[in-house]
Amino acid sequence: MPRKFLKRYSPSAKTIRENRALSMLGEDLHKPSLWILNRNSVARAFAIGLFCTWIPFPLQTVLAGLLAIYYRAHLPLSVALVFITNPITIPPMFYFAYKLGSVMLGMELQVVEMDLSWHWFTSILGQIWQPLLFGCLILAIVCAAVGYFTINTLWRKGIKERWKERAHKRNERKRDRET
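(A) Structural detail: helix 6 (residues 90-105). An ideal rise of 1.5 Å per residue puts 22 Å on 16 residues; helix 6 measures up with 22 Å between its terminal C-alpha atoms. Regarding helix 6, the residues found buried are Met93, Phe94, Ala97, Tyr98, Gly101 and Ser102. Taken end-on, helix 6 shows its buried residues confined to a sector of 165°, consistent with a single buried face. Away from its buried face, by an angle of more than 90 degrees, helix 6 presents the exposed residues Pro92 and Val103.

Structure representation (structure tokens):
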């Protein structure tokens, strides 16, 4: 796993602790398990971040942060992964979730004319909320599981490769000494 890459782009523990908006979390932000990059904390962070990505409501990042604290996952990574959903990705992601939920619930797809206004949103939400939330839940669970197991597998594979490299170098040094 690109541990150095994650360390380079993650905000420091000091930066997060000094953030006024996060001061309500108090001493919980000082737990070392939230800042250590290891296989378990990163895999949990991916599961949490990818799960929260599919929540179709505001405050996804707050929930991701609280879940990271509760499950002792890497906090910055959990929160950063939520930003997969952004103004560009939200429409196709949630349309796919709505479509999946409609198919799985056996409901007809609603043909909806889009008008980005609060009135449109509140009026259409009454028609589509069940398949949208069901689709989001299914995708959240699947993405979280895939993310968790993928990170675990890649991390272990990387460790095995490093062990093989070390063993190979040791054997080379041993052969060089013998000759």
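Now that the structure has been shown, the text picks up again.
(B) Examining the nonpolar core more closely. Ranked by size, the top nonpolar core spans 22 residues in total, and within it Val42, Phe46, Cys52, Leu75 and Leu77 carry the most contacts. Looking at this core, the elements that each hand over two or more residues are helix 3 (39-53), helix 4 (60-71), helix 5 (75-81) and helix 7 (118-178). Top element by residues in this core is helix 3. It accounts for seven residues. Listed in part, the eleven residues of the second largest apolar core include Met93, Leu132, Cys136 and Leu139.

(C) Representation of the side chain of Asn152. Locating Asn152 in the fold gives a position in helix 7. Judged by its relative accessible area of 9%, Asn152 falls in the buried class. Every residue in contact with Asn152, bar those within four places of it in the chain, is listed here: Arg39 and Ala43.

(D) Expanded view of the packing of aromatic side chains. One pass over the structure, following the stated rule, counts four aromatic pairs. Ring centres of Tyr70 and Tyr71 lie 4.9 Å apart, and the angle between their planes is 90°; on these two criteria the pair is classed as edge-to-face. Overall, Tyr70 belongs to the exposed group, its relative accessible area being 62%. Summarising the aromatic geometry, the rings of Tyr95 and Tyr98 are spaced 6.5 Å apart at their centres and angled 45° between planes, so their arrangement reads as tilted. Of this pair, Tyr95 and Tyr98 are both found in helix 6, three residues apart, which corresponds to roughly one turn of the helix.

(E) Region of interest: a nonpolar patch on the surface. On the surface, a cluster of nonpolar side chains totalling about 280 Å² of accessible area is made up of Phe57, Trp129 and Leu133. Mapped onto the elements of the fold, Phe57 is located in the loop between helix 3 and helix 4.

(F) How the structure looks around a positive patch on the surface. Together, Arg162, Arg166, Lys169, Arg170, Arg173, Lys174 and Arg177 make up a region of like positive charge exposed at the surface. Relative to the helices and strands, Arg173 resides in helix 7. Residue classification places Arg173 among the partly exposed positions, given a relative accessible area of 46%.

(G) Local environment of unusual backbone geometry. Positive phi is not limited to glycine here, since Leu59 has a value of about 70°. By secondary structure assignment, the location of Leu59 is in the loop between helix 3 and helix 4. Overall, Leu59 belongs to the exposed group, its relative accessible area being 63%. Although it is not a glycine, Arg72 sits at a positive phi angle of roughly 55°. Of note, Arg72 is situated in the loop between helix 4 and helix 5.

(H) Structural view of the environment of Gly101. Note on placement: Gly101 falls in helix 6. On the accessibility criterion, Gly101 (0% relative accessible area) is buried. The sequence separation of Gly101 and Ile128 amounts to 27 residues, and the corresponding C-alpha distance is 9.5 Å. Sequence-distant contacts of Gly101, that is, excluding residues within four places in its chain, are made with Pro131, Phe134 and Gly135.

Here is what the cut-offs are and how they apply
- Residues numbered from 1 in each chain as written.
- Predicted model: local features only at pLDDT ≥ 70, side-chain atom pairs only at ≥ 80, totals over all residues.
- Heavy atoms only, no water.
- Helix = DSSP H or I, 4+ residues; strand = E, 2+ residues; numbered from the N terminus.
- Expected span 1.5 Å × (residues − 1).
- Buried < 20%, exposed > 50% of the residue type's maximum accessible area, 1.4 Å probe, protein only.
- Arc of directions from axis to C-beta.
- Core = buried A, V, L, I, M, F, W, Y, C linked by side-chain atoms within 4.5 Å.
- Contact = heavy atoms within 4.5 Å.
- Phe/Tyr/Trp six-rings, centres within 6.5 Å; stacked < 30°, edge-to-face > 60°.
- Patch = residues over 30% accessible without salt bridge, like charges linked within 9 Å, V, L, I, M, F, W, Y side chains within 5 Å.
- Areas by Shrake-Rupley, 256 points an atom, 1.4 Å probe, with all protein chains shown as cover.
- Salt bridge = Lys/Arg side-chain N within 4 Å of Asp/Glu carboxyl O.
- Lys, Arg positive; Asp, Glu negative; His and termini not counted.
- Charge placed at Lys NZ, Arg CZ, Asp CG, Glu CD.

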